[in-house]
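Letter by letter, the chains look like this.
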Amino acid sequence: MNRTARSRAPSILAGIAASLAASLALAQGAAYEPASKYNLQPPVTEIATRIYDLNTLILVICGIIFVAVFGAMFYAIYAHRKSVGHQPAQFHENTTVEIVWTVVPFLILILMAWPATKTVIAMKDTSAPDLTIKATGFQWKWGYDYLRGEGDLREVADGISFYSTLSTTLEERTNARAKDADYLLDVDNVLVVPVGKKVRILTTANDVLHAWWVPALGVKQDAIPGFVRDTWFRAEKVGVYRGQCAELCGKEHGFMPIVVEVKSLEDFRAWAAERRKATTAGAPAPSAAAGAPVPQTVAASARTGN
Amino acid sequence: MQATHDHAAGHDHGHAHPTGIMRWITTTNHKDIGTMYLWFSFVMFLVGGVLALLLRTELFQPGMQVVEPEVFNQLTTMHGVIMVFGAIMPAFVGFANWMLPLQIGAPDMAFARMNNWSFWLLPPAAALLVISFFVPGGAAAGGWTLYPPLSIQMGPGMDLAIFALHILGASSIMGSINIVTTILNMRAPGMTLMKMPLFAWTWLITAYLLIAVMPVLAGAITMVLTDRHFDTHFFNAAGGGDPVLFQHIFWFFGHPEVYIMILPAFGIVSEIIPAFARKQLFGYTSMVYATASIAILSFIVWAHHMFTVGMPATAQLFFMFATMLIAVPTGVKVFNWVATMWRGSMTFETPMLFACGFIFVFTMGGFTGLILAITPIDIQLHDTYFVVAHFHYVLVAGSLFALFAGTYYWLPKWTGHMYDETLGKLHFWLSVIFFNVTFFVQHFLGLAGMPRRVPDYALQFADFNMISTIGAFGFGLTQLLFLYVVVKCIRGGAKAADCPWEGARGLEWTVPSPAPYHTFETPPVVR
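**Q** Can you help me understand the overall build of chain A in this one?
**A** Secondary structure summary: chain A contains six helices and ten strands in total. Evaluated residue by residue, chain A yields a buried proportion of 45% over its 306 residues. For chain A, the share of sequence-separated contacts (at least 6 apart) that also reach a separation of at least 24 residues comes to 65%. A total of about 14,500 Å² of accessible surface is found on chain A, and carbon and sulfur atoms cover 60% of it.

Given below as structure tokens:
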């Protein structure tokens, strides 16, 4: 941000004026169709699908209880009013009723917990991946390293390493230029993965906590400096999926998106070959945005040293 | 909130009392101190509200308009800290001070001087929080949860926040010791524990929670402080520490804290519903047990705030099951309230409107809480606006609405005047409508993938953010109406009877309105 504190007061007024002007522009340019507006994004992995279904199931159960409980409450509000001459009853205790409305919710909870438990166990199973990628959170961008993990694809992308930085321009962010459809959700180097393959993501961070989150893949994993955590996904559809850092990490927290491009296996191999050729030919590793800090410490040594 | 005019008439101990400002500084009277707590929390509520409106203004549209991202983070952080520790918690302590002695037939709180001290710790702490905006680097900007390593990076604003939290915590602990001692030792003859009003019960349990967890918070933030300045490495992996350790400690405090802010609200609502249904509370005993169960369970669910840190599956499952269990006693409470209303003879004065609004809207927050308890769903929704919506449903529509309900319910006792019923009802309807306009759409934002604590967002989130901001301004302005109603009631209005509510029961309604400066100097006898 290039605005300075000394001009804050006038900039507030200017900002309000600009936002009024921008609201007109926005209303006209509202052709952007999001994948989802009221619900979880359309899932493209089995886990994300399970999460989606779990959410629907529990929403429906809660909805039914909600209607039953508040049906009773609003009926009482309607019928048992003093103004319609209703006389108060005297009851104030009933052990049977108390036991019923303790036990029945408990049983309903078990009904909910069962599929949830199975999903938790599936989510935690990061074994036997086809491809392993380390995602490192920096203030404020992501670094990706394709590792020599296990599985068939361990050689294919081994050694590919790059940063992924927000590509939305400062002019767009400060309302000096019209906003792109992928405003704040676009990066210079996207993470490329093959469709139908189990991708294991190792997360860590260089400075503070971050979280690697792609809603359509059903993956959110904190990135913790000095520690390595893992998660996994198997994308079922070719396409581009966007997410954001989900753990407050300082002033640019809202400006370090994650973009995953799922390619067919063939395209992925071609992309990887190209990328590796560029790297081994001694082309400079894709550098960070000008002025960004050079990666250091734990994460950095892991990046280069293996 | 100023039932103190009968000062001279109410007692005569033959010694002079200070007047003017010195009266308030030196007072040991539970009613004076309760009044100060309530005004203090209302002022902090307005301060926190202004911060919220500033950040909602930035979020009115995509793009950066009003504040820099770093200032935005300061706004979210300080909004949270001020509302939790400056507004909601002191407000409930204010209610405890005013009402507990009146409800249990005690002449005052057990430790009157400590009571004065626990109040007067608050203004310096609040001053530290406000001053922190003006130190180099500005106020703390790491979120109200103060997670390291980010909180290690902050400027001196973080130190001021930590010191303020230490002071506020000390105040809370003293207040809690006072409440526990008062309730356990100073009940009127014949008032057994199981005859106590539920407000006293919920506060007794809350006070134990406070005593248990405030020192834990103090420990956590002290470790941050020493990590910042004295080269300890509690939370620094390079020195053998672990950032996640902080989260475990913080949430061991943080989850009981959630119930600290809601259990007294349950108590207030449990007083009001029977009064306006003209029917005894249904299931008193089970209400007490449900409150205790919630308090005990609150100690074993903390890690549901951190499902995404990468725990083993067994830990995730344990915390999921334990969290889901809380739905059972909470459900029992809601069922009991509805059963109390059932076949009553209800009228809907403002306290009852807020109590019904509380049940309705709080329960929606309960349902989203259950959804968030399910680990796989939480992993999708953690740190999104869905969580923001959830905790505002339980903290605003829960705690705050109960505070409003209690204020309208006891204002006649505090001031000796009836408040303006029409304006009170208007306050309720505007509050409940604008509350939902503000926060209901945030569920959609979170589900569709908007992270929380971001100063700017993708275009797909624009409409709902605009709606939310409009609702926030409506809600904020509505609270000025509340201030007007309260001030109007203090300054005059119809004379309130000793018991202005037809169905209200309890010792507080046996003393005159306004309550004289000293009450129950001779303990009443409970049948």
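**Q** How do you make sense of the environment of Tyr484 of chain B when you look at a structure like this?
**A** All names here are of chain B. You can see Tyr484 is positioned in helix α19 (residues 462-491). With a relative accessible area of 47%, Tyr484 lands in the partly exposed category. Tyr484 sits 340 residues away from Trp144 along the chain, and the two C-alpha atoms are 31 Å apart.

**Q** When you look at the domain arrangement of chain A in this model, what are you seeing that I'm missing?
**A** Often, the extent of an interface is quoted as the loss of accessible area on bringing the components together. Residue and element names in this part refer to chain A. Segmenting chain A into domains produces domain 1 (46-123) and domain 2 (131-304). Computed from C-alpha coordinates alone, the two centres of domain 1 and domain 2 are separated by 42 Å. Listed by partner, the interface residues are six residues for domain 1 and six residues for domain 2. Taken together, the connections running from domain 1 to domain 2 amount to zero salt bridges. If you look at where domain 1 meets domain 2, you find two residue pairs in polar contact (both at pLDDT 80 or more). By residue number, the principal contributor to the side of domain 1 that touches domain 2 is helix α2 (residues 46-79), which donates four residues. Its residues assigned to classes, the side of domain 1 that touches domain 2 shows five nonpolar, no polar and one charged.

**Q** In this structure, what is going on with the sheet that holds strand β3 (residues 161-164) of chain A? I would like to understand it.
**A** To summarise the sheet geometry, strands pair through backbone hydrogen bonds and adopt either a parallel or an antiparallel arrangement. Residue and element names in this part refer to chain A. Read from one edge of the open sheet, five strands run β3-β2-β1-β5-β8, paired in mixed fashion. Taken across any chain shown, the strands that pair with only one partner, and hence form the sheet edges, are β3 and β8 (229-233). Recorded for the sheet is a direction-independent mean angle of 25 degrees between the axes of neighbouring strands. Note: strand β1 (residues 131-138) against strand β2 (residues 141-147), seven bridges, orientation antiparallel. Of the residues in β2, the one forming a bridge with Ile133 is Tyr146.

**Q** What's the story with the packing of aromatic side chains in this structure? I'm lost.
**A** Each aromatic ring pair is described using two quantities: the centre-to-centre distance and the angle formed by the ring planes. Throughout the structure, instances matching the rule amount to 67 aromatic pairs over all chains. A centroid spacing of 4.9 Å and a plane angle of 50 degrees characterise the contact between Phe66 of chain A and Phe70 of chain A, whose relative ring orientation is tilted. A residue pair is termed a helical-turn pair when its members lie 3 or 4 positions apart in one helix, as Phe66 of chain A and Phe70 of chain A do in helix α2 at four residues. Here Phe66 of chain A and Phe70 of chain A have matching classes, each one buried. Judged by centre distance (5.9 Å) and plane angle (55 degrees), the rings of Phe95 of chain B and Trp410 of chain B are tilted. Highlighted residues: Phe95 of chain B in helix α4 (residues 69-104) and Trp410 of chain B in helix α17 (residues 385-415), separated in sequence by 315 residues. The side chain of Lys141 of chain A reaches across the aromatic face of Tyr163 of chain A, ending 5.2 Å from its centre. Here the guanidinium or amino end of Lys198 of chain A rests over the ring plane of Trp232 of chain A, the centre of that ring lying 4.3 Å away.

**Q** How should I be thinking about the nonpolar core in this particular structure?
**A** Across soluble globular proteins, you tend to see nonpolar side chains buried next to one another. Within the largest apolar cluster, 275 residues are counted, with the highest numbers of intra-cluster contacts made by Tyr146 and Trp212 of chain A together with Phe85 and Phe358 of chain B. Counting residues per element, this core draws most heavily on α4 of chain B, at 22 residues. Residue contributions to this core reach at least three from each of two domains, namely domain 1 (46-123) and domain 2 (131-304) of chain A. Excluding its chain neighbours within four sequence positions, the residues that come into contact with Phe85 of chain B are Pro90, Trp144, Leu165, Leu168, Met214, Leu217, Phe253 and Glu257 of chain B. Leu166 and Leu184 of chain A together with Met64 and Leu459 of chain B belong to the second largest nonpolar core, which has six residues in total.

**Q** Mind showing me how you'd approach the interface of chain B and chain A here?
**A** Taken together, the contact pairs 100 residues of chain B with 98 residues of chain A. Interface area, chain B with chain A, both sides summed: about 8,700 Å², of which 69% is carbon and sulfur. At the junction of chain B with chain A, the criterion picks out two salt bridges. With a shortest N-O distance of 2.5 Å, Asp463 of chain B and Lys37 of chain A are connected by a salt bridge. Our count for the chain B to chain A interface comes out at 27 residue pairs in polar contact (both at pLDDT 80 or more). Here the side of chain B that touches chain A takes nine residues from helix α14 (residues 327-341) of chain B, the largest share from any one element. Broken down by class, the residue content of the side of chain B that touches chain A amounts to 60 nonpolar, 27 polar and 13 charged.

**Q** Is there a simple way to explain α19 of chain B in this structure?
**A** A turn of α-helix holds 3.6 residues, and therefore any two residues three or four places apart point the same way. The terminal C-alpha atoms of α19 of chain B, which comprises 30 residues, lie 45 Å apart, in line with the 44 Å expected from a rise of 1.5 Å per residue. Once α19 of chain B finishes, Gly493 of chain B follows within two positions and takes phi at roughly 125 degrees, a positive value.

**Q** Just to check I follow, could you spell out the sheet that holds strand β4 (residues 191-194) of chain A for this structure?
**A** All names here are of chain A. Ordered by their spatial adjacency, five strands build an open sheet running β4-β10-β9-β6-β7, and the pairing between neighbours is mixed. Every interior strand has two partners, whereas the edge strands, β4 and β7 (219-223), have only one. Going across the sheet, the axis of each strand differs from the next one's by a mean of 25 degrees, ignoring polarity. Pairing of β4 with strand β10 (residues 257-263) involves four bridges; the strand directions are parallel.

**Q** It is not clear to me how the packing of helix α9 (residues 198-229) of chain B against helix α10 (residues 243-260) of chain B should be interpreted in this structure. Could you clarify?
**A** Residue and element names in this part refer to chain B. Taken N-terminus to C-terminus, the directions of α9 and α10 make an angle of 150 degrees; their axes are 9 Å apart at the nearest point. Judged on the interaxial angle alone, α10 and α9 are roughly antiparallel. The handedness of the crossing between α9 and α10 is left-handed. Listed contacts from α10 to Thr206, Leu209, Leu210, Val213, Met214, Val216, Leu217, Ala220, Met223 and Val224 of α9 are Leu245, Phe246, Ile249, Phe250, Phe252, Phe253, Pro256, Glu257, Tyr259 and Ile260. Classifying every residue of the contact of α9 with α10 by side-chain character gives 18 nonpolar, one polar and one charged.

**Q** Can you walk me through the packing of helix α3 (residues 30-58) of chain B against α4 of chain B in this structure?
**A** Between two packed helices, both the angle of their axes relative to each other and the distance between the axes serve to describe the pair. All names here are of chain B. As a packed pair, α3 and α4 sit with axes 7 Å apart at the nearest point and diverge in direction by 160 degrees. Judged on the interaxial angle alone, α4 and α3 are roughly antiparallel. Our pair here, α3 against α4, has a crossing hand that is left-handed.

**Q** Would you explain the side chain of Gln221 of chain A in this entry?
**A** One can find Gln221 of chain A in strand β7. A relative accessible area of 5% means that Gln221 of chain A is categorised as buried. Reaching out from Gln221 of chain A, the side chain makes a polar contact with the backbone oxygen of Thr308 of chain B at a distance of 3.1 Å. Beyond its immediate sequence surroundings of up to four residues, Gln221 of chain A is in contact with Thr203, His210, Ala211, Trp212, Arg229, Asp230 and Thr231 of chain A together with Thr308, Val309 and Gly310 of chain B.

Procedures and definitions
- Residues numbered from 1 in each chain as written.
- Chains lettered and ligands numbered in written order.
- Predicted model: local features only at pLDDT ≥ 70, side-chain atom pairs only at ≥ 80, totals over all residues.
- Heavy atoms only, no water.
- Helix = DSSP H or I, 4+ residues; strand = E, 2+ residues; numbered from the N terminus.
- Buried < 20%, exposed > 50% of the residue type's maximum accessible area, 1.4 Å probe, protein only.
- Contact = heavy atoms within 4.5 Å.
- Areas by Shrake-Rupley, 256 points an atom, 1.4 Å probe, with all protein chains shown as cover.
- Domains from an automatic or database assignment.
- Salt bridge = Lys/Arg side-chain N within 4 Å of Asp/Glu carboxyl O.
- Polar contact = N/O pair within 3.5 Å; in protein donor to acceptor, adjacent residues only side chain to side chain.
- Nonpolar A, V, L, I, M, F, W, Y, C, P; charged D, E, K, R; others polar.
- Pairing = 2+ DSSP bridges.
- Axes fitted to C-alpha atoms, helices over the stretch in contact; angles between N-to-C directions.
- Phe/Tyr/Trp six-rings, centres within 6.5 Å; stacked < 30°, edge-to-face > 60°.
- Lys NZ or Arg CZ within 6 Å of the ring centre and 35° of its normal.
- Core = buried A, V, L, I, M, F, W, Y, C linked by side-chain atoms within 4.5 Å.
- Buried area = accessible area lost by both parts, 1.4 Å probe.
- Expected span 1.5 Å × (residues − 1).
- Parallel < 35°, antiparallel > 145°, perpendicular 65-115°, else oblique.
- Left-handed = near helix turned anticlockwise from the far one by under 90°.

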